[in-house]
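Structural overview for review
Next come the chains, spelled out residue by residue.
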There are 2 protein chains.
Amino acid sequence: MKKYKFKIIPDQMLEEKFLIKVNKIETNFLEIRNLICSTFQSLENEFNLNRNLEKKNFSKKKWRRDNNKNEYGGGVSSILKGNLFEKVGVNISTVSGILPDDFKNKIKGASNDPRFFATGISVVAHMFSPFIPAAHYNSRFIVTQDAWFGGGCDLTPVYNEKIIKHKFHSLLKNFCDQYDKNFYNKYSKLCSEYFFLKHRNEERGVGGIFFDYLDANAIKNFNFTAETGSFFCSIFKDIIKKYQNKTWNLKHREKLLKKRSRYVEFNLLYDKGTTFGLKTNGNVDAILMSMPPIASWD
Amino acid sequence: MKKYKFKIIPDQMLEEKFLIKVNKIETNFLEIRNLICSTFQSLENEFNLNRNLEKKNFSKKKWRRDNNKNEYGGGVSSILKGNLFEKVGVNISTVSGILPDDFKNKIKGASNDPRFFATGISVVAHMFSPFIPAAHYNSRFIVTQDAWFGGGCDLTPVYNEKIIKHKFHSLLKNFCDQYDKNFYNKYSKLCSEYFFLKHRNEERGVGGIFFDYLDANAIKNFNFTAETGSFFCSIFKDIIKKYQNKTWNLKHREKLLKKRSRYVEFNLLYDKGTTFGLKTNGNVDAILMSMPPIASWD
């Protein structure tokens, strides 16, 4: 991966500050990106073949921030608009800069020194079939005067919500327990609280896990963050395989499109990543790649 | 119209404070609501008849706020999902309450005393034809320790933007000039600035007029606010008549759906009315009636 120069937080500071080298974190995120893209492309190809539809591939787009504005770094957005994946966006980015005044007090460790560094990966998949949940996964490593890992994954089904929720959460618990017996309870609760539409008094989906502010100097936290990506990839693959064959009609699609409008509302009204990105002059296409391809309101 | 009791700001205070009686303002807003609904229903009927489609009517829904939570008042939402109007929402409401702590400093005259009273009407029309612009109109009267009128109207065309913009603005100028020679310049500029998607560096539509904080004790300001409603109704009627016959295909619709996604982004990320409503525990269906029936993202 192309190395960027981070003039805001010196490379040297990043190198010396952490037990886990920043380079290692970035490389790990890149591996997860590659795993997810290749897994999703295989699924798209496999089920496309069954249906004899035109083959659709991921397309990649690089973007860079404007160094003249003290905005450094950039990223790669991979997007697939297919016949199984109606739209899936996979973003990977490493950026640095100075947080705007009205925002620095909202970011941990930035109130006295607004410089930041952030590297992360995020995935949002909206599926054609109303029977396959929308899926979201994200891992991030953020440096201000503090440094921490964050991330998580969650599902938004329209049908079979109870079954999917039960299975997903039992697998999540097994996964989390390998790292810390408190993780599942803590982070599944945080997830339900986070992905909540206050104005509608409803959750966005069936939850999952959401973690933030995990001390960047604990190997356990790095491993947990890193493995969330492959866990997500494997689980979502199984769900797709299970539900992809189920036939659906227009009524099912209409219900999916309504559900997606809540996804839009959440992301634009509440999502920290979206706000963070738009406020720090991030790449709009990359930030709003999470938007569904089509959504409807009553 | 049903009179509500406003325990937060006493009726008596509202009666005595203003040159123009609050009752008169509410009655005027109700007349505008009726004019707009009947005009739109006639247009829907007329062009429906030409096409032999099933006749669609406005449906009305009353809502009230929860007095037990010190939230008073309510409103009526009228919605038409037709064949000319894909979705048009007309809201009229009179509410009062106490602004939440994190919000009172953002509202004029509320930082020391967070009680508020607000009455208003708002209209958002999304049309089936990609050749008829989306249209928005709003009038409001707000009382805190200050009291003022606000409102405006604007258009969001997808095609013929230049022609529509030129004609609309020249009519707006004539309209504004009747009240104050400075109004058009001032409020068309404010409109362009307000309906602006900063993250995309683009305007929502072709603008119009947007005014706020007009002294509630000047008859001129009341008349201007009141007449904006009938002006909007007349102009939009003419535009509909002009463009309703123009044939369109799927490509045109796709472009319309993309444009609508910007409408969604604006309303959820920037719109003061939406934020005000959601933060003051307003009626969600009424607030989000402005959402398009269907929208798409790249």
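Residues numbered from 1 in each chain as written. Chains lettered and ligands numbered in written order. Predicted model: local features only at pLDDT ≥ 70, side-chain atom pairs only at ≥ 80, totals over all residues. Heavy atoms only, no water.

Quick look at the overall build of chain A
Tallying secondary structure elements over chain A gives nine helices and 10 strands in all. For chain A, the proportion of its 298 residues judged to be buried stands at 60%. Partitioning the intrachain contacts of chain A with sequence separation of at least 6 by distance along the chain shows that 70% fall at a separation of at least 24. Roughly 13,300 Å² of accessible area belongs to chain A as shown, and the carbon and sulfur atoms make up 50% of that amount. Charged side chains in chain A number 48 positive and 31 negative. The centres of these two groups are separated by 3 Å. (Helix = DSSP H or I, 4+ residues; strand = E, 2+ residues; numbered from the N terminus. Buried < 20%, exposed > 50% of the residue type's maximum accessible area, 1.4 Å probe, protein only. Contact = heavy atoms within 4.5 Å. Areas by Shrake-Rupley, 256 points an atom, 1.4 Å probe, with all protein chains shown as cover. Lys, Arg positive; Asp, Glu negative; His and termini not counted. Charge placed at Lys NZ, Arg CZ, Asp CG, Glu CD.)

Side note on the environment of V90 of chain B
All names here are of chain B. Position of V90 relative to the elements: it lies in strand β3 (residues 85-98). Since its relative accessible area comes to 0%, V90 is described here as buried. Placed 13 residues apart in sequence, V90 and S77 show a C-alpha to C-alpha distance of 5.8 Å. Sequence-distant contacts of V90, that is, excluding residues within four places in its chain, are made with R33, I36, C37, F58, V76, S77, S78, S122, V123 and M289.

Some thoughts on the packing of aromatic side chains
The relative placement of two aromatic rings is captured by the distance of their centres and the angle of their planes. Enumeration over the complete set of coordinates arrives at 50 aromatic pairs over all chains. Here Y194 of chain A and F195 of chain A contribute two aromatic rings whose centre-to-centre distance is 4.7 Å and whose plane-to-plane angle is 90 degrees, an arrangement assigned as edge-to-face. For F195 of chain A, a relative accessible area of 4% puts it in the buried group. Ring centres 5.3 Å apart and planes at 50 degrees place the aromatic pair W148 of chain B and Y213 of chain B in the tilted group. Within this pair, whereas W148 of chain B is found in strand β6 (residues 147-156), its partner Y213 of chain B is found in strand β9 (residues 208-215), the two being separated by 65 residues in sequence. Residue W148 of chain B is classed as buried on the basis of its relative accessible area of 4%. The class of Y213 of chain B is partly exposed, set by a relative accessible area of 39%. (Phe/Tyr/Trp six-rings, centres within 6.5 Å; stacked < 30°, edge-to-face > 60°.)

Some remarks on the nonpolar core
If you look at the biggest cluster of nonpolar residues, it comprises 130 residues, and the most contacted ones within it are F85, F141 and F236 of chain A together with F85, F141 and F236 of chain B. Apart from residues lying up to four places away in sequence, F236 of chain A is in contact with F40, F85, A125, M127, I132, P133, A135 and L155 of chain A. (Core = buried A, V, L, I, M, F, W, Y, C linked by side-chain atoms within 4.5 Å.)

Focus: the relation of the copies chain A and chain B
When chain A is brought onto chain B, the operation consists of a screw motion whose angular component is 180 degrees and whose axial shift is 0.0 Å, with 0.0 Å RMSD remaining. Taken together, the turn and the small shift mark the pair as related by a two-fold rotation axis. (Least-squares fit on C-alpha atoms with pLDDT ≥ 70 in both.)

Notes on the pairing of strand β3 (residues 85-98) of chain A
Residue and element names in this part refer to chain A. Burial analysis of β3 places 13 of its 14 residues in the buried class, the great majority of the element. Here strand β2 (residues 72-80) runs beside β3; their pairing, made up of nine bridges, is antiparallel. Within β3, the position partnered with S77 by the bridge is N91. Hairpin connection from β2 to β3: four residues lie between these consecutive antiparallel strands. (Pairing = 2+ DSSP bridges.)

Quick word on the side chain of T156 of chain B
For T156 of chain B, the location among the structural elements is in strand β6. Residue contacts for T156 of chain B: discarding those within four places in its chain leaves P133, A134, R204, G205, K259 and Y263 of chain B.

Concerning the interface of chain A and chain B
Taken residue by residue, the interface counts 21 residues in chain A and 21 residues in chain B. Carbon and sulfur atoms make up 68% of the area that chain A and chain B hide from each other, which totals about 1,800 Å². For chain A, the biggest contributors to the area lost against chain B are H199, L268 and W297 of chain A; these three give 31% of the whole. At the boundary of chain A and chain B, one finds zero salt bridges. Linking chain A to chain B there are five residue pairs in polar contact (both at pLDDT 80 or more). Secondary structure elements with two or more residues in the side of chain A that touches chain B: α7 (250-269), α9 (284-287) and β10 (294-296) of chain A. Among the residues forming the side of chain A that touches chain B, the class breakdown is 13 nonpolar, two polar and six charged. Inspection of the sheet shows β10 of chain A paired to strand β10 (residues 294-296) of chain B by three bridges, in the antiparallel sense. Its bridge partner lying in β10 of chain B, S296 of chain A is registered against I294 of chain B. (Buried area = accessible area lost by both parts, 1.4 Å probe. Salt bridge = Lys/Arg side-chain N within 4 Å of Asp/Glu carboxyl O. Polar contact = N/O pair within 3.5 Å; in protein donor to acceptor, adjacent residues only side chain to side chain. Nonpolar A, V, L, I, M, F, W, Y, C, P; charged D, E, K, R; others polar.)

Observations regarding the environment of D146 of chain B
Residue and element names in this part refer to chain B. Relative to the helices and strands, D146 is located in the loop between β5 (134-143) and β6. Considering only alpha carbons, one finds D146 and V88, 58 residues apart in sequence, at a separation of 32 Å. Not counting chain neighbours up to four residues away, the residues in contact with D146 comprise K108 and G109.

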